Amino acid sequence: MTQTVQLPLWLFVLIVLFAAVTALSHFLLPSVRWFFRRRFEKAVARLNSRLKRPIQPFKLARRHDMIQRLIYDPEVSREIALYAEHNKVPEAVAFQKAHEYARDIVPSFSAFAYFSFAMRLAKWLAEAVYRIRTASQNDVIIAAIPEDATPVFVMNHRSNMDYVLVTYLASKTSTLSYAVGEWARVWPLSSLIRLWGAYFIRRHARGALYRKVLSRYVQMATNGGDTQAFYPEGGLSLTGALQPPKVGLLSYLVEGFDPEGARDIVFVPVAINYDRVLEDRVLMAAHARGDRRFGARISVAVAFILRKLWNRLRGKDTRFGTAAVAFGDPVSLRALGKTEDIDALSKTLMSRIEAVMPVLGVPLVATALGRKGPLNVMELEAEVAQILERVPEQSVAVDTQNITDEVARACRHMEQHGLIAMQDGAWAVSEGQQVAVQFYANSIAHYLPEAHELDDAASASDYSAIAKS
């Protein structure tokens with residue numbers, strides 16, 4: 001037992017390495033993990049004390065555990081068997097396909113990344129680009145939602161800034177889980193979005209197995225109290241007006257809801273409007289082509305953010321007017337009971353979004369000039385005042401006691417955007433910009449029965465002029 005054993009140096013080094021790894025994995029690493037886990041739990045507890053709706057355990061579950069729970073769900077297992085039978089493949093192959101879908105969908109939420117980085121970025125970007133206005137009823141509506149209910153924000157989709165704006169406004173209340181499409185599958189944006197709790201949806205994946213994995217994840221998250229946010233329109237509005245709703249995610253939520261369960265689902269309609277939609281030219285060009293292929297690139301967005309940062313550091317106010325958010329009357333699924341007509345529910349939610357759509361300066365001026373043609377300053381102010389008389393008070397997002405300044409500010413933004421110009425002492429729509437002006441007027445056209453939405457037969461030359469301006 002005391003004899004000397006000679007070993008090659010490489011073998012001795014290998015043995016020492018294995019011993020070190022074993023010691024780390026069995027003695028040191030568990031203690032380190034426990035230490036950081038305790039610090040994380042204390043940090044989350046402090047954070048939850050500041051939030052109106054604390055982060056639920058579901059949100060904090062490890063991504064690996066969530067994927068395992070999802071793919072071994074009984075409903076997903078049944079769908080795996082059906083997929084294998086229908087496609088004549090072994091169940092192991094179908095199971096691997098479900099596992100790929102689950103990995104694609106399930107986020108890897110990080111409370112640190114969400115609150116230390118995402119919230120600050122959202123706050124800075126939102127306030128750098130817009131003046132933010134919120135409706136007076138917003139806080140009241142959120143406070144009235146029971147603590148044992150899961151809020152689901154149902155929003156109209158006007159701009160990709162919607163994500164930033166609503167995330168920023170909801171930061172003092174709770175965390176949000178978004179459903180995002182293929183546009184976000186760009187490095188490093190995709191990794192950040194997963195850390196912020198969003199989950200990806202393949203818009204063109206129509207297979208039953210994929211839909212089952214997605215629906216079960218959405219249902220698990222909702223039943224676990226994870227606040228959700230989605231756009232029933234399914235994509236950005238190309239005309240500025242509200243689009244007919246789609247029922248995909250809404251149907252998953254309703255189908256997985258148990259009226260006798262412990263947790264209610266409360267839909268909160270959210271109306272968002274802007275004085276300036278950053279992607280307006282891209283959206284109108286897509287509408288003219290009749291497709292949804294957007295030409296914007298991630299490099300353009302990054303360059304835009306850097307320019308805003310540089311101008312902000314130089315003390316310049318380069319904001320594009322106002323962005324406003326208003327919450328409508330919530331809809332409780334428990335109060336509705338067993339809901340069979342998903343289409344009717346989606347239309348109800350869209351009508352409640354429409355009812356509180358914020359009315360801002362640029363849409364007002366666009367409506368006035370679109371209806372009456374060139375107007376001098378006094379005529380324009382009078383026309384705007386008349387339009388405001390027909391708008392519900394809760395939807396007005398301008399200072400009605402100071403119409404002169406509101407109209408002047410809106411005209412300045414529209415002139416800088418190339419939409420209108422002063423001609424012979426009157427404000428008039430610039431040549432080739434009629435479609436663009438109507439785009440902004442469409443956001444509040446539902447308040448004016450005689451107002452006409454964007455004409456689908458608008459000439460290609462109008463759209464060409466918009467794209468070049």
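Residues numbered from 1 in each chain as written. Predicted model: local features only at pLDDT ≥ 70, side-chain atom pairs only at ≥ 80, totals over all residues. Heavy atoms only, no water.

Per an unreviewed UniProt entry, the chain goes by Glycerol-3-phosphate acyltransferase and derives from Sulfitobacter undariae. Check the Pathway (unreviewed entry) section of the UniProt entry for the chain; it says "Phospholipid metabolism; CDP-diacylglycerol biosynthesis; CDP-diacylglycerol from sn-glycerol 3-phosphate: step 1/3." According to the UniProt record, the Catalytic activity (unreviewed entry) comment for the chain reads "sn-glycerol 3-phosphate + an acyl-CoA = a 1-acyl-sn-glycero-3-phosphate + CoA". (UniProt positions renumbered as here; feature names shortened; annotations may be inferred.)

**Remarks on the overall build of the chain**
Assigned secondary structure in the chain consists of 20 helices and 10 strands. In the chain, the share of contacts with a sequence separation of at least 24, taken over all contacts with a separation of at least 6, comes to 76%. Counting every atom, the chain has about 24200 Å² of accessible surface; 57% of that belongs to carbon and sulfur. (Helix = DSSP H or I, 4+ residues; strand = E, 2+ residues; numbered from the N terminus. Contact = heavy atoms within 4.5 Å. Areas by Shrake-Rupley, 256 points an atom, 1.4 Å probe, with all protein chains shown as cover.)

**A word on the packing of aromatic side chains**
With the rule as written, the count across this model stands at seven aromatic pairs. Look at Tyr101 and Tyr210: their rings are 5.1 Å apart centre to centre, the planes differ by 85°, and that puts the pair in the edge-to-face class. You can see Tyr101 sitting in helix 5 (residues 91-105) and its partner Tyr210 sitting in helix 10 (residues 208-223), a full 109 residues away along the chain. For the pair Phe153 and Phe327, a centre-to-centre distance of 5.7 Å together with 50° between the ring planes defines the contact as tilted. With Phe153 in strand 2 (residues 149-155) and Phe327 in strand 7 (residues 322-327), the pair connects residues that are 174 residues apart, well separated along the chain. (Phe/Tyr/Trp six-rings, centres within 6.5 Å; stacked < 30°, edge-to-face > 60°.)

**Points about helix 16 (residues 361-372)**
Between its first and last C-alpha, helix 16 extends 16 Å over 12 residues, near the 16 Å set by a 1.5 Å rise per residue. Most of helix 16 is tucked away, with nine of its 12 residues classed as buried. Here helix 16 has its buried residues at Gly361, Val362, Pro363, Leu364, Val365, Ala366, Thr367, Ala368 and Leu369. For helix 16, the elements touching its buried residues are strand 6 (264-274), helix 17 (377-388), helix 18 (403-416), strand 9 (420-423), strand 10 (426-429) and helix 19 (434-441). In the segment just after helix 16, Gly373 is the residue with positive phi, at about 80°. (Expected span 1.5 Å × (residues − 1). Buried < 20%, exposed > 50% of the residue type's maximum accessible area, 1.4 Å probe, protein only.)

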